[in-house]
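# Report on the structure
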Amino acid sequence: MEMPTGAFFAFFFIILLLIGGAVVWGAIQGAQKVARSQELRTVGRETTGTVVDNQMESHSHHHNGHHHSRLTFRPVIRYHGPNGEVTAIGPADSSRSFVVGTTVPIRYHPDKPDQIEIVSGQGRGSGGVGGIVAGVVGVIVLVLMATFACSVKQGFDDFGNGVDHSTPGFGDSGFDPFRGGDGCTVDGNRVVCE
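I will try to describe carefully the structure that is included in this document. Remember, predicted model here, so these are calculated numbers, not experimental data.

Before going further, it helps to examine the overall build of the protein. When its secondary structure is counted, the protein shows two helices and seven strands. Out of the 194 residues belonging to the protein, those deemed buried represent 24%. Long-range pairs, those at least 24 residues apart, make up 57% of the contacts in the protein between residues at least 6 apart in sequence. Counting every atom, the protein has about 12900 Å² of accessible surface; 58% of that belongs to carbon and sulfur.

Spelled out as structure tokens, the structure:
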């Protein structure tokens, strides 16, 4: 069964909206991480922490019919805060695991000690810039795709509106595809030119 053109474009735009929602959500998450990092730079305190574990995340996607997956790692860091020992997870991920037992310079929020970031080295920063960049690029690509789809749909609509559905089909009596041209007419299933 063939999907009508209107239904196809409606389905396409629903898919674009879902992808767009995910892209915007990722950009918002990135912006929140960057804002938190800005706050840490203003009110945070610096100290040294120790990597005690890794938090692993699996990311999967399909490309050209192939399934790809990769792991990212975020450090679990233990440090001595103002009210005792704190264990927190660094916000920036890395493609390689963090070496357990390594000491790292960190910045923490004095009122929210589980909010930290690594100051330098592997896993440094907020981890939000990548989300913002991916979000901006994603929105641009989605807008371009939607614009292209709208122009294609308009072309289909214009084509459909331009067809004279009242004209009899080729071979029907009285149909003349060469009207006004070189004296040719249709006689049954033959084209006769004078």
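By the definition in use, this model includes five salt bridges. A salt bridge links Glu85 to Arg78; the shortest N-O distance between them is 3.8 Å. By relative accessible area, which is 54% here, Glu85 ends up exposed. A salt bridge links Glu117 to Arg107, with the nearest nitrogen and oxygen atoms 2.8 Å apart. With Glu117 in strand S5 (residues 116-118) and Arg107 in strand S4 (residues 103-108), this pair connects stretches of sequence that are 10 residues apart. Relative accessible area serves as the criterion here: at 13%, Arg107 is assigned to the buried category. One salt-bridge network, held together by shared partners, links Glu46, Arg107 and Glu117.

It is worth spelling out the nonpolar core at this point. Grouped together as the largest cluster of nonpolar side chains are 12 residues: Val51, Phe73, Ile77, Tyr79, Val86, Ala88, Phe98, Val104, Ile106, Tyr108, Ile116 and Ile118. Sorting the residues of this core by element identifies strand S2 (66-81), strand S3 (84-89), S4 and S5 as the ones contributing at least two each. Not counting the four nearest positions on each side in its chain, Val86 is found in contact with Ile77, Arg78, Tyr79, Gly81, Pro113 and Asp114.

What follows is about a nonpolar patch on the surface. On the surface, a nonpolar cluster with roughly 480 Å² of combined accessible area is contributed by Phe11, Ile14, Ile15, Leu18 and Ile19. Mapped onto the elements, Ile15 comes out in helix H1 (residues 5-43).

What follows deals with the pairing of S2. Bridge count for S2 against S3 is six bridges, and the pairing is antiparallel. By the bridge assignment for S3, Tyr79 is matched with Val86. Between S2 and S3, which pair antiparallel one after the other, the connecting turn spans two residues.

About the criteria used
- Residues numbered from 1 in each chain as written.
- Predicted model: local features only at pLDDT ≥ 70, side-chain atom pairs only at ≥ 80, totals over all residues.
- Heavy atoms only, no water.
- Helix = DSSP H or I, 4+ residues; strand = E, 2+ residues; numbered from the N terminus.
- Buried < 20%, exposed > 50% of the residue type's maximum accessible area, 1.4 Å probe, protein only.
- Contact = heavy atoms within 4.5 Å.
- Areas by Shrake-Rupley, 256 points an atom, 1.4 Å probe, with all protein chains shown as cover.
- Salt bridge = Lys/Arg side-chain N within 4 Å of Asp/Glu carboxyl O.
- Core = buried A, V, L, I, M, F, W, Y, C linked by side-chain atoms within 4.5 Å.
- Patch = residues over 30% accessible without salt bridge, like charges linked within 9 Å, V, L, I, M, F, W, Y side chains within 5 Å.
- Pairing = 2+ DSSP bridges.

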